[in-house]
Amino acid sequence: MKLLIYDTILFMKGDEIMLDKERAIHRFMELVQIDSVSLNEKDVAAYLRAYFENLGYTVIHDDKSHESVPQANTGNIIVKIPGRGAKAHEDTIMLQAHMDTVEPGEGVKPQLSEDANYITSDGTTILGADDKAGIAQMMEVEAVLRTHELDHPPLEFLFTISEEIGLLGSFNLDSSLVDAKIAYVLDGDGGPGAAIIGGPDYYDIVGSIKGRAAHAGVAPETGISSIQVLSKAIANMNLLKIDEDTTTNIGRVICDYPTNVVPEITRFEMEVRSLDADKALKQIDHVKKTLEEACEAFGATLEIEVSKSLSAYKHSEDNKVLKLFKDMCDRHNLDYRPMVIRGGTDVSGLMANGIDAICLATGGEYAHELKERLDIEEFMENIQQLIWLITD
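Before going into details, it helps to say that this report is about the structure given with it. Nothing here was measured: the structure is a model prediction, and the numbers come from that model.

What to know about the environment of Ser162
Now for step 1: Within the secondary structure layout, Ser162 lies in the loop between strand S8 (155-160) and helix H5 (168-171).
Now for step 2: Those residues within four positions of Ser162 in sequence are excluded, and the remaining contacts are Leu39, Glu41, Asp100, Leu167, Leu168 and Gly169.

Details of the layout of surface pockets
Now for step 1: Within this model, the largest pocket holds a volume of roughly 1,600 Å³.
Now for step 2: Lining the largest pocket are 45 residues, with Glu164, Tyr202, Glu271, Arg273 and His368 positioned closest to its centre.
Now for step 3: Secondary structure elements with two or more residues in the lining of the largest pocket: helix H4 (129-147), H5, strand S9 (182-189), strand S11 (201-210), strand S14 (246-254), strand S16 (265-274), strand S17 (301-310) and strand S20 (356-365).
Now for step 4: Residue composition of the lining of the largest pocket, by class: 16 nonpolar, 14 polar and 15 charged.
Now for step 5: Of all elements in the fold, only S9, helix H8 (320-331) and helix H10 (376-391) reach the threshold of two or more residues within the lining of the second largest pocket.
Now for step 6: Ranked by residues supplied to the lining of the second largest pocket, first place goes to H8 with four residues.
Now for step 7: Within the lining of the second largest pocket, the residues separate by chemical class into seven nonpolar, no polar and seven charged.

Quick look at the pairing of S8
Every regular strand shows the same layout, with side chains that alternate between the two sheet faces.
Now for step 1: Counting buried positions over the six residues of S8 gives six, a clear majority of the element.
Now for step 2: Here S8 shows two buried faces, one formed by Leu155, Phe157 and Phe159 and the other by Glu156, Leu158 and Thr160.

Considering H8
What sets the pattern is the α-helix's 3.6 residues per turn: residues three or four places apart point alike.
Now for step 1: An ideal rise of 1.5 Å per residue puts 16 Å on twelve residues; H8 measures up with 17 Å between its terminal C-alpha atoms.
Now for step 2: Within the span of H8, buried status applies to Val321, Leu322, Phe325, Met328 and Cys329. All buried residues of H8 project into a common sector of 125° when viewed along the axis, lining one side.
Now for step 3: Buried-residue contacts for H8 involve S9, strand S10 (194-199), S20 and H10.

Some words on the side chain of Asp201
Now for step 1: Topologically, Asp201 is positioned in strand S11.
Now for step 2: A residue is classified by how much of its surface remains accessible, and Asp201, at 3% relative accessible area, is buried.
Now for step 3: Within the structure, Asp201 has its side chain in polar contact with the side chain of Lys308 (distance 3.3 Å).
Now for step 4: Not counting the four nearest positions on each side in its chain, Asp201 is found in contact with Val272, Arg273, Ser274, Ala277, Ala280, Lys308, Leu310, Ser311 and Ala312.

About the criteria used
Residues numbered from 1 in each chain as written. Predicted model: local features only at pLDDT ≥ 70, side-chain atom pairs only at ≥ 80, totals over all residues. Heavy atoms only, no water. Helix = DSSP H or I, 4+ residues; strand = E, 2+ residues; numbered from the N terminus. Contact = heavy atoms within 4.5 Å. 1 Å grid on protein atoms, 1.4 Å probe; cavity = no way out; pocket = protein on both sides within 12 Å on 5 of 7 lines; lining within 4 Å. Points joined across faces, edges and corners; volume = space filled by probe spheres on them. Nonpolar A, V, L, I, M, F, W, Y, C, P; charged D, E, K, R; others polar. Buried < 20%, exposed > 50% of the residue type's maximum accessible area, 1.4 Å probe, protein only. Expected span 1.5 Å × (residues − 1). Arc of directions from axis to C-beta. Polar contact = N/O pair within 3.5 Å; in protein donor to acceptor, adjacent residues only side chain to side chain.

Printed below as a string of structure tokens:
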């Protein structure tokens, strides 16, 4: 495996050397070159298990997560790092990142931008900074704590599966395997001080339209084209960004017939997200109405199922984990920037398992796009932020 190597640049905390940029970037470059699209995280899991076991830490495979997601080829990985020194008996802190990436995420070829400020892919795949930047940051945090023998509380590193397809690893975590009651999820855009403190209601909508099959050349007028019906509904449907709180997207339409057959059945899958519960329900009603009206106009029938995957949340200012983060920002003169976003994160899955969490920035940009990149300066500054959170 050929890697780009950078000159060693050390970040400082007072007179104490803290972060090794070469080491952190080298680790990130290794990680993004390990394929791990959702449900196929086995190779990254094996890499992390070997790395942390070689350092002498207890590494646990979360069997429950694997059993709950049997189509995956591994489960979550949990690393136990004992506390040190004066902070050894404080409450356990969890750091968390997900191992999977979206597609196209196989055969990533990372490269340095011309100005040396970013790492990108070669443009044929995503980079995988979402969320391998978070994993690399956790590995650098451990290296700093160990090599500089810094006092810190007990830590648990949680590496989850299949975040990108429904937060499956975090929701199916075996919570009996972890002690932490607070967590920092490393999976956001931006630099130090940025924190995601709220997320959306999220609904999955799946359905099918049934028309009537007919010979497309001999007697098309006797048929009802299910894909034509769905097209009519889509044309009348409010999609993409509805308002500042609400989005709707159709991700899949399945209609597979020979060209000489009027298609009888067309299936579809879509989503509705909103930071406002009432707006989400209003948009779902709109989606249903447009589908029903199109079916009625053509004489087709509709089957539809709506399921809620996530519930909207917003942390209050007195939330414990948020207060710890805000206090750290104050101590180190960081600009605290709370954000409520329409994207889902493993915060929701951890909270469902009784672990209070916020999502912090990693330095990645343009997630899920071929132009995805890692801002190297923000990546390093966010690691320093984590060290302060753990050691102050």
